[in-house]
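Survey of secondary and tertiary structure
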Amino acid sequence: MNWDWSAVSDFMPHFWDGLLVTLQILVLGSLVSFGLGLVWALLMRVPSRWVTWPVGVVTEFIRNTPLLVQLFFLFYVLPEWNITFSALTTGVVAIGLHYSTYTMQVYRAGIEGVPVGQWEAATALNLPLGRTWTAVILPQAIRRVVPALGNYVISMLKDTPLLMAITVLEMLGEARLFSQQNFQFTEPLTVIGVAFIIISYLASLALRALERRLVH
Amino acid sequence: MTSGLWELVLQGIWVTIQLLFFSSLLAAGVSFVVGVARTHRLWIVRFLAGLYTEVFRGTSALVMIFWVFFVLPPAFGWQLVPMWAGTLALGLTYGAYGSEIVRGALAAVDPAQKEGGIALSFTPWQRMKLIMLPQAVPEMIPPFSNLLIELLKGTALVSIMGMGDLAFSGNLVRLALQESAEIYTYILLIYFVIAFLLTRVMRGLEKKLKAGVGKAPRKKTAAVRVPEGSGVS
């Protein structure tokens, strides 16, 4: 096994570029999944089978099929329908959509965890439905589920390399490009492997701190 | 789509199922060994098992696949057949997630059961085999079922390395037909059917195992992924 430190230092500028793109995907993807997940969760509470059934089937389908194939689907099929996005946008939409089917369950658990008395109090105060949701239920529900949402952000971080398959140059994409140009595979791949471990470990520490703050 | 292209897809399904079978076996083995090691009485064994879990849960499965395909051969002189390289990468990564399930289920067994074993002067191995595992295993099935679906989705990653699995056959058909909507819809549907069948099989298994220890299966298992943030749950 031979390790070449000069390859590491050559790779570092590319690494920072890749890290930036990875974090971009992570932040935007999280926002999409948080927003869409809430929409799914709320739609699932509409008291009509004509809404809950299709939403249930579609989200179940997205959750049980590989993100990679979904990425290919959006990347190759949307242009055929004359909708063109950049690869990065397509990737963010795909990863956000995929994870929204997970966050929706987190929200559902949070909403169900709000005590029934809160609903009754809102009814007793004659609050309109919109106000009940925005001022009473959701603030309590979302506060409860922040740690669980954070876990999915960490999972999402580990799925960002998949965007390499649709030509996005995030960390793994940069590493592969560098490897193919210089015929040095060991160093760049190990560097990003270690980077993933460090980032997800730091993120889990931050999440634990956040959780502790929310409890008090 | 012509019958030749369908044959390609069928071969892809077969490769995906083989890969799923082997890597789930490896992942199950790793889960139990590492999960049980995390309850060991020596701190060094617990530490090493915990380190394994943190490292393999911390990296992305795709990075691990790249590592096994590109770094292992020159570094250690091992050139693995693609099937085994894919199995190794997926099995080790998902095994780390599984070890958390095993550890959690073992921790959830009533402590009095363990104390009973000590009082009857069972050896640690007998306690594990005769008291802890028979009660813990049925509880592991629902989270393992979710992990198995994650593993099925993970097998699609090997197509990036050029292994002819289901996702890869989809790409070949797309290149042949110059048309993507149809084939990718079929591929997604096939994955969905496999996932559905797997959940059914696992639910049957849970029922059987729980009947063995005199419990009824849970009414409804929500398909939530095991918490992945290290240590946070």
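Since the structure is predicted, the reported quantities are computational estimates derived from the model, not experimental observations.

Attention now moves to the overall build of chain B. Broken down by element type, chain B carries eight helices and zero strands. Beginning at the N terminus, the succession of helices and strands in chain B can be written as α-α-α-α-α-α-α-α. Across the 233 residues of chain B, 42% fall into the buried class.

If you look at the interface, chain A gives 41 residues, while chain B gives 42 residues. Considering every element that reaches the side of chain A that touches chain B, the biggest residue donor is helix α8 (residues 186-215) of chain A, with 13 residues. A per-class count over the side of chain A that touches chain B returns 24 nonpolar, 12 polar and five charged.

Since the α-helix packs 3.6 residues into each turn, any two residues three or four apart lie on the same face. All names here are of chain B. The sharpest bend along helix α3 (residues 61-76) comes to roughly 35°, located at Trp67. Of the residues making up α3, those classed as buried are Ala61, Leu62, Val63, Met64, Ile65, Phe66, Trp67, Val68, Phe69 and Phe70. Within two residues after α3, Gly77 carries a phi angle of roughly 70°, on the positive side.

Turning our attention to the packing of helix α2 (residues 49-63) of chain A against helix α4 (residues 87-112) of chain A. All names here are of chain A. Contact geometry of α2 with α4 gives a least axis separation of 9 Å together with a crossing angle of 115°. The crossing of α2 and α4 is left-handed. Across from Thr59, Ile62 and Arg63 in α2, the residues of α4 making contact are Leu97, His98, Thr101, Tyr102 and Met104. For the contact of α2 with α4, the residue count by class is four nonpolar, three polar and one charged.

Bringing the UniProt feature "transmembrane region" (unreviewed entry) in chain A into the picture now. Residues and elements named next belong to chain A. Mapped onto this numbering, the UniProt entry gives "transmembrane region" (unreviewed entry) at residues 20-43, 83-102 and 189-210. Counted over residues 20-43, helix gives 100% and strand 0%. Its end C-alpha atoms are 34 Å apart. As annotated, residues 189-210 has a helix share of 100% and a strand share of 0%, and its two end C-alpha atoms lie 31 Å apart.

We now examine the UniProt feature "domain: ABC transmembrane type-1" (unreviewed entry) in chain A. Here, UniProt's "domain: ABC transmembrane type-1" (unreviewed entry) annotation points to residues 19-207 of chain A. Across residues 19-207 of chain A, the secondary structure splits into 81% helix and 0% strand, with the terminal C-alpha atoms separated by 20 Å.

Another point: the confidence of the model for chain A. Looking at chain A, pLDDT values average 89 and 99% of them are 70 or higher. At the level of individual helices and strands, chain A shows its lowest average pLDDT in α8(A), which scores 87, and its highest in α4(A), which scores 93.

Before going further, it helps to spend a moment on helix α8 (residues 181-212) of chain B. Here α8(B) is 32 residues long and its end C-alpha atoms lie 47 Å apart, about the 46 Å a rise of 1.5 Å per residue gives. Every buried residue belonging to α8(B) is among Ile183(B), Tyr184(B), Ile187(B), Leu188(B), Ile190(B), Tyr191(B), Ile194(B), Ala195(B) and Glu206(B), and all of these are buried. Where α8(B) is buried, its residues touch α3 (67-80) of chain A together with α1 (3-37), α6 (124-155) and α7 (166-177) of chain B. With its phi angle positive at about 70°, Gly214(B) sits one or two positions after the end of α8(B).

With that settled, consider the nonpolar core. Counting residues in hydrophobic clusters, the biggest one holds 107 residues, and the most contacted among them are Leu68(A), Val69(A), Leu71(A) and Ile65(B). In terms of residue count, helix α4 (residues 82-108) of chain B provides more of this core than any other element does, 12 residues in total. Among all residues touching Val69(A), those that are not within four sequence positions of it are Ala156(B), Ala167(B), Gly170(B), Tyr184(B), Ile187(B), Leu188(B) and Tyr191(B).

Residues and elements named next belong to chain B. Confidence in the prediction of chain B, expressed as mean pLDDT, is 86, and 92% of residues score 70 or more. Looking across chain B, the model is least confident in α3, with a mean pLDDT of 84, and most confident in helix α5 (residues 111-119), with 92. Counting contacts from residues 226-233, a segment whose pLDDT is below 50, to residues more than four positions away or on other chains yields 32 contacts. Here the predicted complex scores 0.87 on pTM and 0.85 on ipTM.

In this section: the packing of helix α1 (residues 5-43) of chain A against helix α7 (residues 171-182) of chain A. The angle between the axes and the distance between the axes are what describe a pair of packed helices. Residue and element names in this part refer to chain A. Running from N to C, α1 and α7 cross one another at 150°; their axes reach a closest spacing of 7 Å. Between α1 and α7, the interaxial angle falls into the category roughly antiparallel. For the element pair α1 and α7, the recorded crossing hand is right-handed. Contact residues: Ala7, Phe11, His14, Phe15, Asp17, Gly18, Leu19 and Thr22 in α1; Met171, Gly173, Glu174, Phe178 and Asn182 in α7. When its residues are assigned to classes, the contact of α1 with α7 shows six nonpolar, five polar and two charged.

Another aspect to go through is unusual backbone geometry. In this model, Phe183(A) sits at a positive phi of 55°, which is unusual for a non-glycine residue. With respect to the element layout, Phe183(A) can be found in the loop between α7 and α8. Overall, the presence of 8 C-beta atoms within 10 Å leaves Phe183(A) in the exposed class. Unlike most non-glycine residues, Ser121(B) shows phi in positive territory, near 55°. The residue Ser121(B) is located in the loop between α5 and α6 in this model.

Calculation notes
The written sequence of each chain sets the order in which its residues are numbered from 1. Throughout, the order in which chains and ligands are written sets their labels, letters from A for the former and numbers from 1 for the latter. Where local features are concerned, this predicted model is filtered to residues with pLDDT of at least 70; where side-chain atom pairs are given and counted, the filter is 80 or more; whole-chain, interface and lining totals use all residues. Secondary structure is summarised from DSSP: a helix means a run of H or I of at least four residues, a strand means a run of E of at least two, and numbering begins at the N terminus for each. With C-beta atoms placed from the backbone, the exposure class of a residue follows from how many other C-beta atoms lie within 10 Å of its own: 20 or more, buried; 12 or fewer, exposed; in between, partly exposed. Two residues form a contact once the distance between their C-beta atoms, set from the backbone, is within 7 Å. Ten residues, namely Ala, Val, Leu, Ile, Met, Phe, Trp, Tyr, Cys and Pro, are considered nonpolar, four, namely Asp, Glu, Lys and Arg, are considered charged, and the remaining ones, Gly among them, are considered polar. Fitting axes to the seven residues that end at a residue and to the seven that start at it, the angle between those axes gives the bend at that residue. Axis lines are fitted to C-alpha atoms, over the contacting stretch for helices. Their N-to-C directions set the angle, which ranges from 0 to 180 degrees. Each helix crossing is assigned a hand: it is left-handed if the near helix lies turned anticlockwise from the far helix by less than a right angle, otherwise right-handed if that turn is clockwise. UniProt positions are given in the numbering used here, feature names are shortened, and annotations may be inferred rather than shown by experiment. Known as pLDDT, the predictor's confidence for each residue is given on a scale from 0 to 100. Every helix has an expected span of 1.5 Å times one less than the residues it contains. To form a nonpolar core, buried Ala, Val, Leu, Ile, Met, Phe, Trp, Tyr and Cys residues must be joined through C-beta atoms within 7 Å. With respect to orientation, any angle under 35 degrees is reported as roughly parallel, any angle over 145 as roughly antiparallel, any angle of 65 to 115 as roughly perpendicular, and every other angle as oblique.

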